Amino acid sequence: MAAQVARRRTFAIISHPDAGKTTLTEKLLLYGGAIHLAGSVKSRRAERHATSDWMKLEQERGISVTSSVMQFEYEGYAVNLLDTPGHEDFSEDTYRTLVAADSAVMLLDNRKGVEERTRQLFEVCKRRRTPIFTFVNKCDRVGEDSLKLVSDVENDLGIQCHPITWPIFDGNAFVGVYDRRLDRIHLFGKDEHHGATRATEQLLSLHGEATRDQLGDLPYRQLLHDIELLDAAGHPFDRDAILRGELSPVFFGSALTNFGVEPFLREFLDLSPPPLARESTAGPVEPTDPRFTGFVFKIQANMDPRHRDRVAFVRVCSGHFTAGMDVGHVRTGKRLRLSAPQQFMARERTAVEEAWPGDVIGVIDRGNLRIGDTLAEEGTLEFKGIPRFPPEHFARVVLIDPMKRKQLDAGLRQLTEEGAAQVFFTSPTEVSGPTPLIGAVGMLQFDGMLHRLEHEYGVRCRLEKIAGRYPRWVTGPKDAIERIGRERGRMILYDAAGKPLILFEDSWGMRWAVDRETAITFHEVAP
Ligand code: G4P
């Protein structure tokens, strides 16, 4: 058990669209032997851009789109790469996946550095103190100065950085990386098949006899200069600070040409944490505890429109899971038999016989499970809930057939429980009043909701987008909330649990209120 836990690494990649997440994922699978020629994952991306019809996308892409958990082996490690939905299918699932990960890789474009989406996802990791590894991508083409990039990350995100690999350029050509921890220069071969296969490389040490000749005088002097500067002025290497999420190891490379991908993967696996203890209502649960526990972090509906089957994704936290196992569903007190668990490898689903802490299993669910639910072989412990993340888009649901209000409410209740929608009301007691508002993190989530309301509940609706975009849950005296919330450019809403929030039309107005209105407290996630 201890050995299985120690060799597991469960992580997610966080990035802004187009930084190269698909490309890097594919290269990691290539190095992990899960695919043999790069190019197979890429076609997914083409499909994604070709159409925007949610349902069609879902059918074409099958399970792989919003759910893939890719597992591969690399040098004795069992690696689980959790795919975070991005682009248009960006949703709360993207955030929730991070709760199931033990570390994160922050992928940056070397011309753009930290971008909006990176920042949002980084914040979620930071709040959970998740160790964050930075990979600066696209070094095969000229980008921002490497030193400047590192200091921009530090200043923008407020995290310390320690470059572990450093890029080596010959003029504008990216020729290798230097691994400072191992004193090893990886000089890459030029005869690449455009990154379809592993990069060939030659290994040198910084002060080796042949190194200056191999690199050329100018690139060598530049490298010596950079390393001297980093040693003198940069944050020192500190494994504990990395594990506390305070220091981010930085790597440079090019996912497209594979340069720097393997040195990154090796160091990442060495430095990132295995599954650790998780907080529960019965105290921390050690992964090596022999009793199986896990929690649901994602529910994928609509696998087969003829049945209401859904797949619940369970992150294993402790114990040894075996197929057919009988486990307790703590919230309802029922026993569930996990008979057809699935595991996911790139595009294919395969039945699993066993799983260990850190692994993710997909469980067929008939509507019993909810996001955040705990499954436990014995006992009544529950893992800390998955926070509800603030939506960024809001719309009022307009019924096309006003007689269908009951069905609408039932549908929305179900979608809320699954975590597919967040519902808001304009008054705390509004049950049969005006139709509710729904909130989503990504726009594509709205299409998914409308489609499911129509096909599963027989309710046709349209949505009226509203101007507010920046919600803050609020606590404090009722009259102060009402006074502050009724000002121009603001709106008071109540979530499904009746908790009030103020919705602001612009971020400036929100910050202004947060700074000035001391009578109430503003919360970014539901209190
Ligand atoms: P994403 O999943 O983060 O959105 O990014 P994706 O991997 O799809 O990559 C976005 C674009 O960046 C693609 O180019 C991809 O080829 C390119 N890219 C990824 N990694 C690197 C890299 O290391 N170096 C360079 N130069 N480019 C990289 P595209 O033109 O949009 O698509 P395609 O025509 O190449 O398929």
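Provided above is the structure to which this section pertains.
Residues numbered from 1 in each chain as written. Predicted model: local features only at pLDDT ≥ 70, side-chain atom pairs only at ≥ 80, totals over all residues. Heavy atoms only, no water.

Visitor: Sorry, what's going on with the overall build of the chain here?
Guide: When helices and strands are tallied, the chain shows 16 helices and 29 strands. Counting only residues that meet the buried cut, the chain has 56% of its 527 residues in that class. For the chain, the proportion of contacts with a sequence separation of at least 24, taken over those separated by at least 6, is 71%. Here the chain displays about 22,600 Å² of accessible surface, and carbon together with sulfur accounts for 50% of that area. (Helix = DSSP H or I, 4+ residues; strand = E, 2+ residues; numbered from the N terminus. Buried < 20%, exposed > 50% of the residue type's maximum accessible area, 1.4 Å probe, protein only. Contact = heavy atoms within 4.5 Å. Areas by Shrake-Rupley, 256 points an atom, 1.4 Å probe, with all protein chains shown as cover.)

Visitor: I tried to follow the nonpolar core on my own but got confused; where do I start?
Guide: Nonpolar side chains in soluble globular proteins generally cluster together in the buried interior. One finds Leu28 and Leu223 to be the most contacted residues of the largest nonpolar core, which totals 105 residues. In this structure, this core is formed jointly by two domains, domain 1 (2–271) and domain 2 (293–376), each of which donates at least three residues. Setting aside residues up to four positions removed in sequence, Leu28 forms contacts with Phe11, Ile13, Phe72, Leu81, Val261, Phe264 and Leu265. With 17 residues, the next largest nonpolar core counts Ala395, Phe425, Ile438 and Met449 among its residues. (Core = buried A, V, L, I, M, F, W, Y, C linked by side-chain atoms within 4.5 Å. Domains from an automatic or database assignment.)

Visitor: When you look at the sheet that holds strand 5 (residues 132–137) in this model, what are you seeing that I'm missing?
Guide: Strand pairing within a sheet occurs via backbone hydrogen bonds; the two strands may be parallel or antiparallel. Here 7 strands make up an open sheet; going across it, the order is 2-3-1-4-5-11-6 and the pairing mixed. The two strands at the open ends of the sheet, each matched to only one other strand, are strand 2 (69–74) and strand 6 (160–163). Strand-to-strand twist across the sheet, computed as the mean angle between neighbouring axes with direction ignored, equals 30 degrees. Alignment of strand 6 against strand 11 (residues 247–252), held across 4 bridges, turns out to be parallel. (Pairing = 2+ DSSP bridges. Axes fitted to C-alpha atoms, helices over the stretch in contact; angles between N-to-C directions.)

Visitor: Before we go on, may I ask you to explain the packing of aromatic side chains in this structure?
Guide: In this description, a pair of aromatic rings is defined by centroid distance and the angle of the planes. For the structure shown, the criterion picks out 14 aromatic pairs. Centroid distance Phe264 to Phe268: 5.6 Å. Interplanar angle 25 degrees. Geometry classified as stacked. Residue Phe264 and its partner Phe268 are located together in helix 12 (residues 261–271), separated by 4 residues, close to a single helical turn. Phe264 gets classed as buried once you look at its relative accessible area, which sits at 1%. (Phe/Tyr/Trp six-rings, centres within 6.5 Å; stacked < 30°, edge-to-face > 60°.)

Visitor: Is there a simple way to explain the pattern of salt bridges in this structure?
Guide: Pairs can form between side chains of opposite charge whenever their charged atoms are close. Evaluated as defined, the whole model comprises 31 salt bridges. The salt bridge partner of Arg181 is Glu267, with a shortest N-O separation of 2.6 Å. Taken as a pair, Arg181 in the loop between strand 8 (173–179) and strand 9 (184–188) and Glu267 in helix 12 lie far apart in primary sequence, 86 residues in all. Each of the salt bridges in this network shares a partner with another, and the network as a whole consists of Arg181, Arg239, Glu267 and Asp270. (Salt bridge = Lys/Arg side-chain N within 4 Å of Asp/Glu carboxyl O.)

Visitor: Teacher, can you tell me more about the sheet that holds strand 27 (residues 490–495) here?
Guide: The 8 strands are arranged 25-22-24-23-27-28-26-29 in an open sheet whose pairing can be described as antiparallel. Edge positions in the open sheet fall to strand 25 (461–465) and strand 29 (521–523), since each of these has one partner strand only. For this sheet the average axis-to-axis angle between neighbouring strands, irrespective of direction, equals 40 degrees. Examined bridge by bridge, strand 22 (residues 393–399) and strand 25 share 5 bridges and lie antiparallel to one another. By the bridge assignment, Arg396 is partnered in strand 25 with Glu464.

Visitor: Looking at this structure, how should I read unusual backbone geometry?
Guide: Even without being glycine, Asp18 reaches a positive phi, approximately 80 degrees. Tracing the backbone shows Asp18 in the loop between strand 1 (8–15) and helix 2 (21–31). The backbone of Asn258 shows a phi angle near 75 degrees, a positive value even though the residue is not glycine. Within the secondary structure layout, Asn258 lies in the loop between strand 11 and helix 12. Judged by its relative accessible area of 1%, Asn258 is buried.

Visitor: Help me out: how do you make sense of the pairing of strand 27 in this one?
Guide: On any regular strand, side chains alternate: one points to one face of the sheet, the next to the other face. When you tally the buried positions in strand 27, you get 5 out of 6 residues, the bulk of the element. Note: strand 23 (residues 422–425) against strand 27, 2 bridges, orientation antiparallel. Bridging across to strand 27, Phe424 finds its partner in Asp495. As judged from the 5 bridges shared by strand 27 and strand 28 (residues 500–504), these two strands associate in the antiparallel manner. Bridge pairing links Arg490 to Phe504 in strand 28. Linking strand 27 back to strand 28 in an antiparallel pair, the connection comprises 4 residues, with Gly498 at a positive phi of about 85 degrees.

Visitor: Hey, could you run me through helix 12 in this one?
Guide: Because an α-helix completes one turn every 3.6 residues, residues spaced three or four positions apart along the sequence face the same direction. The buried count for helix 12 comes to 9 of 11 residues, which makes it a mostly enclosed element. Those residues of helix 12 that sit buried are Val261, Glu262, Pro263, Phe264, Leu265, Glu267, Phe268, Leu269 and Leu271.

Visitor: I would appreciate a short explanation of the environment of Met449 in the present structure.
Guide: Following the sequence through the fold, Met449 ends up in helix 14 (residues 443–457). As for Met449 and Leu415, which are separated by 34 residues in sequence, their C-alpha atoms are 7.7 Å apart. When sequence neighbours within four positions are dropped, the list of residues in contact with Met449 reads Leu415, Ala420, Ala421, Ile438, Gly439 and Ala440.

Visitor: Is there a simple way to explain the environment of Cys139 in this structure?
Guide: Here Cys139 lies in the loop between strand 5 and helix 8 (146–157). Taking C-alpha positions, Cys139 is 8.6 Å from Phe259, a pair spaced 120 residues apart along the chain. Setting aside residues up to four positions removed in sequence, Cys139 forms contacts with Asn110, Phe169, Phe174, Phe252, Gly253 and Ser254.

Visitor: Is there a simple way to think about the side chain of Thr118 in this case?
Guide: Along the chain, Thr118 falls in helix 7 (residues 116–127). At a separation of 3.0 Å, a polar atom in the side chain of Thr118 contacts the main-chain carbonyl oxygen of Glu115. (Polar contact = N/O pair within 3.5 Å; in protein donor to acceptor, adjacent residues only side chain to side chain.)

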